[in-house]
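Spelled out, the chains give:
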Amino acid sequence: MSVRYSYYPGCSLHSTSREYDLSARAVSAALGVELEELRDWVCCGATSAHALEPEAAHALGLHNLVLAEAQGLDVVTPCAACFNRLKTSEYEAKEGLRPASVPTRQAPYGGKVTARHLLDVIARDVGVERIRQAVKRPLEGLKPVSYYGCLMVRPQNVMKLDDPEDPVLLDEMLRAVGAAPVEWSYKTECCGASMSVPFPSAVETIVGQLAEMAREAGADCFVTACPLCQLNLDTRQTGPEPPLPAFFFTELLGLALALPGANGWFAKHLVSPAPVLQSLLAVAQT
Amino acid sequence: MPKSEVKTMEAPDSLPEVRSNPDATFAQEVAAKSHQEISRCYQCLRCVGGCPMAAFTDCGPADILRLVLLGAKEEVLASPAIWMCTSCETCTARCPMEISMSRVNDELRRRAVKEGLVAPDNKIRKFHTIFLNITKTRGRMNEPLLMGHYKWQTREFKQDMQLGIRMMRKRKMNPFVRKHRRAAEIRKLFEEKK
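These figures come from a predicted structure and were not determined experimentally. (Residues numbered from 1 in each chain as written. Chains lettered and ligands numbered in written order. Predicted model: local features only at pLDDT ≥ 70, side-chain atom pairs only at ≥ 80, totals over all residues. Heavy atoms only, no water.)

Asks: Any chance you could explain the interface of chain B and chain A here in plain terms?
Replies: Often the size quoted for an interface is simply the accessible area lost on bringing the parts together. Every contact between the two is made by 57 residues of chain B and, on the other side, 59 residues of chain A. Of the roughly 5,300 Å² buried between chain B and chain A, counting both surfaces, carbon and sulfur atoms make up 60%. Of all residues in chain B, the largest losses of buried area upon contact with chain A belong to Arg-140, Lys-172 and Leu-189 of chain B, amounting jointly to 14% of the total for that side. Between the two partners, chain B and chain A, sit eight salt bridges. Put simply, Arg-236 of chain A and Asp-160 of chain B hold a salt bridge, and the shortest N to O gap is 2.7 Å. The interface formed by chain B and chain A holds 28 residue pairs in polar contact (both at pLDDT 80 or more) in total. For the side of chain B that touches chain A, the elements supplying multiple residues, two or more each, are α5 (90-94), α6 (101-114), α7 (123-138), α8 (143-154), α9 (161-169) and α10 (183-186) of chain B. The dominant element in the side of chain B that touches chain A, judged by the number of residues it contributes, is α7 of chain B, at nine residues. Residues of the side of chain B that touches chain A, tallied by class, amount to 23 nonpolar, twelve polar and 22 charged. (Contact = heavy atoms within 4.5 Å. Buried area = accessible area lost by both parts, 1.4 Å probe. Salt bridge = Lys/Arg side-chain N within 4 Å of Asp/Glu carboxyl O. Polar contact = N/O pair within 3.5 Å; in protein donor to acceptor, adjacent residues only side chain to side chain. Helix = DSSP H or I, 4+ residues; strand = E, 2+ residues; numbered from the N terminus. Nonpolar A, V, L, I, M, F, W, Y, C, P; charged D, E, K, R; others polar.)

Asks: Could you clarify how one ought to interpret the sheet that holds strand β7 (residues 246-248) of chain A in this entry?
Replies: Remark on secondary structure: sheet strands pair via backbone hydrogen bonds, oriented parallel or antiparallel. Residues and elements named next belong to chain A. The three strands lie next to each other as β5-β6-β7, forming an open sheet whose pairing is parallel. On the outer flanks of this sheet lie β5 (144-147) and β7, each paired with one strand and no other. Between one strand and the next, the sheet's axes are offset by a mean angle of 30 degrees, whatever the strand orientation. With three bridges connecting them, strand β6 (residues 221-224) and β7 associate as parallel partners. Looking at the pairing, Val-223 lines up with Phe-247 of β7. (Pairing = 2+ DSSP bridges. Axes fitted to C-alpha atoms, helices over the stretch in contact; angles between N-to-C directions.)

Asks: Could you clarify how one ought to interpret the pattern of salt bridges in this entry?
Replies: Side-chain pairs of opposite charge can arise where the charged atoms are in close proximity. Residue and element names in this part refer to chain B. Counted by the stated rule, this structure contains 33 salt bridges over all chains. A salt bridge links Arg-111 to Glu-115, with the nearest nitrogen and oxygen atoms 2.8 Å apart. Arg-111 sits in the buried class, given a relative accessible area of 12%. Note on Glu-115: relative accessible area 34%, which makes it partly exposed. (Buried < 20%, exposed > 50% of the residue type's maximum accessible area, 1.4 Å probe, protein only.)

This is the structure in structure tokens:
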């Protein structure tokens, strides 16, 4: 089974979240999801663009959609923020709220391609059953909390991915690879996002609360689908307790599929996942 | 007209005192540009309850909206509160009137910048401006460039120094992200439409 998409990594995956890009591409290849990098993709503008120039932010998203349409493929991204921006441009163009054409491209956006998040493509298009069958090393003993973050699921009428307050897609995928995700009420709480630079104390407070709630739920790690969420969890746990490691869902998938190179991904984390993975691998050996 | 007091980002931010005369068209302009039916707000405060940044300010999303509806244009545009929004859309998900304060804040920030009402020491505004300028001129983000500019403009060289070093050691910040090969063309996306 093979499905083809244009691949929009987003700026973070070429920089602070390199391991997300590597693991996303490795896992996609292993599961038959063909990714062709979107030629000449442009930065989506993240939060900063729409926070200052909403019309230009729309144009950035639309420009990328027009590129995908020219390539003839739906566009998939692992980054929740990029997904939100592309999807918002798609929605607003389709609803006639903002223009469907950009000054940089001849053809307007015709609505023939759609933006997808990689989690959605893997968990739904590939499907949890196929994933379960492909697992070589079940992640038994791992007790993650699924941390979806905010932008991937809200606003619901635009993102159309899952429930905006209690999504289950990532939890289902984690169960398919043998992990035991624990229930908690903070699945979609915002991590504070780009406030991490101008207002780090706010992010420390928010992340501290997330870590406390994750521990209370009995979790040993976070699993994320957004580079900024993972970065904030990885860098802003400054409380007295030892910090919980934060995985990208593709890293855990790669581990479960026994793909080579996983150690290289984990080496990039600031909070080492080694303690959590060691007990997991120890369980596998008994 | 008297302008609101300039507040620093670290100080908790109180609800501004409304001293100016109400601006009769402000609410309608904000509603039109943000595509939100803001007059439907009945101050149930669910947005404030869900807002992740509400703990760091006395002026939450419902308060901002109240000020807009009262026509307190100068006060709300000068308030640091409109810069606190992370656009998590929790407010939108919970509002019984389906108002997105995230979209309203986008419009308020755009207007505040246009009318020169932002406090000069607003670090959040500085961060977003630098980020956007890099996107405009290079077409893709370059994180070391972003951080370098931000630290220079805020003179906060020591902030996160340890963290920065750790990240560089792990090669997590890529200084070699090249300018987009079509960067000049991409600038057209930022041209103001008439």
